[in-house]
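The residues making up each chain are set out below.
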Amino acid sequence: LPICLRKSFPLILEGARSSDRRCQSLLGYCYIRGLGVARNPMEAMRWWSAAARRGDVSSMFNLALMLAEGEGVPQDNRRAFKWYLRAARSGHTSAQTNVALMYLQGVGVRKQAVEGITWLRKASGKDDRLAMYNLGEAYASGATGRKNPAAALKLYRKAAALGDGGSRNRLREQGECLEVRRSRK
């Protein structure tokens, strides 16, 4: 891949400079990973910002992730939340989960359990295992309004089947044996 990117980098750069949001998004990825160009988080942020302003949902998510983690840029949870929310409203499942967790924990936004649970339900409906685990935790603790161990167990089982370690641990704690399925080639 890096060899291919080295050769195509000038074309990607030209497209990005011509306001092609897909090229801008790809250029951000090249800069954050150092593919075909020296690693430069500030350049990644610059190109992802341009693509995100043009509606590129992956760039919105990547920009939010950089801001939330402070990867090469100052950490800014408020700005991260705003970009996650834009991506979540556009249907990005991982962004929906992150918005939910930020609402539930009050990170970058005022703590709002109801909003957090709403976003967890959306992401869980798309088989996001982290969302399922956290929604299971909310049902188990009563954060949804009342405790619902049966609903929590159902979510843990589904998330565990998708590979979620936290859900597997919860099931073990409840004495459930887990069948690990391995794909055959």
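Right above here is the structure, for reference.
1. Here we look at the overall build of the protein
Within the protein one finds 10 helices and zero strands. Secondary structure of the protein in N-to-C order comes out as α-α-α-α-α-α-α-α-α-α. For the protein, the spread of C-alpha atoms along the principal axes amounts to about 55 × 45 × 25 Å. Buried residues in the protein amount to 43% of all 185 residues. Of the roughly 10600 Å² of accessible surface on the protein, 49% is carried by carbon and sulfur atoms. For the protein, the separation between the mean place of its 33 positive charges and that of its 15 negative charges on side chains is 2 Å.

2. Some points on helix α9 (residues 149–161)
In this model α9 runs 18 Å from its N-terminal to its C-terminal C-alpha over 13 residues, within 8% of the 18 Å that 1.5 Å per residue would give. Looking at α9, one finds that the buried residues are A151, A152, L153, L155, Y156, A159 and A160. Looking at the buried residues of α9, the elements they touch are α8 (129–141) and α10 (165–173). Of the residues one or two after α9, G163 is the one with positive phi, at around 105 degrees.

3. What about the packing of aromatic side chains?
Here a ring pair, both rings aromatic, is described through the centre-centre distance and the interplanar angle of the planes. Counted according to the given criterion, the structure contains four aromatic pairs. On the numbers, 6.1 Å between centres and 80 degrees between planes, the contact of F9 with Y31 is edge-to-face. Taken as a pair, F9 in helix α1 (residues 2–17) and Y31 in helix α2 (residues 21–33) lie far apart in primary sequence, 22 residues in all. Classification of F9 by relative accessible area gives buried; the value is 11%. In this structure Y31 comes out as buried when scored by relative accessible area, which is 11%. Ring centres of Y133 and Y156 lie 6.1 Å apart, and the angle between their planes is 40 degrees; on these two criteria the pair is classed as tilted. Of this pair, Y133 sits in helix α8 while Y156 sits in helix α9, and the two are 23 residues apart along the sequence. Here Y156 falls in the buried class, since its relative accessible area comes to 1%. It is K122 that lies over the ring of W119; its NZ or CZ is 4.1 Å from the centre.

What counts, and at which threshold
Residues numbered from 1 in each chain as written. Predicted model: local features only at pLDDT ≥ 70, side-chain atom pairs only at ≥ 80, totals over all residues. Heavy atoms only, no water. Helix = DSSP H or I, 4+ residues; strand = E, 2+ residues; numbered from the N terminus. Buried < 20%, exposed > 50% of the residue type's maximum accessible area, 1.4 Å probe, protein only. Areas by Shrake-Rupley, 256 points an atom, 1.4 Å probe, with all protein chains shown as cover. Lys, Arg positive; Asp, Glu negative; His and termini not counted. Charge placed at Lys NZ, Arg CZ, Asp CG, Glu CD. Expected span 1.5 Å × (residues − 1). Contact = heavy atoms within 4.5 Å. Phe/Tyr/Trp six-rings, centres within 6.5 Å; stacked < 30°, edge-to-face > 60°. Lys NZ or Arg CZ within 6 Å of the ring centre and 35° of its normal.

Keep in mind these values describe shape, not function.
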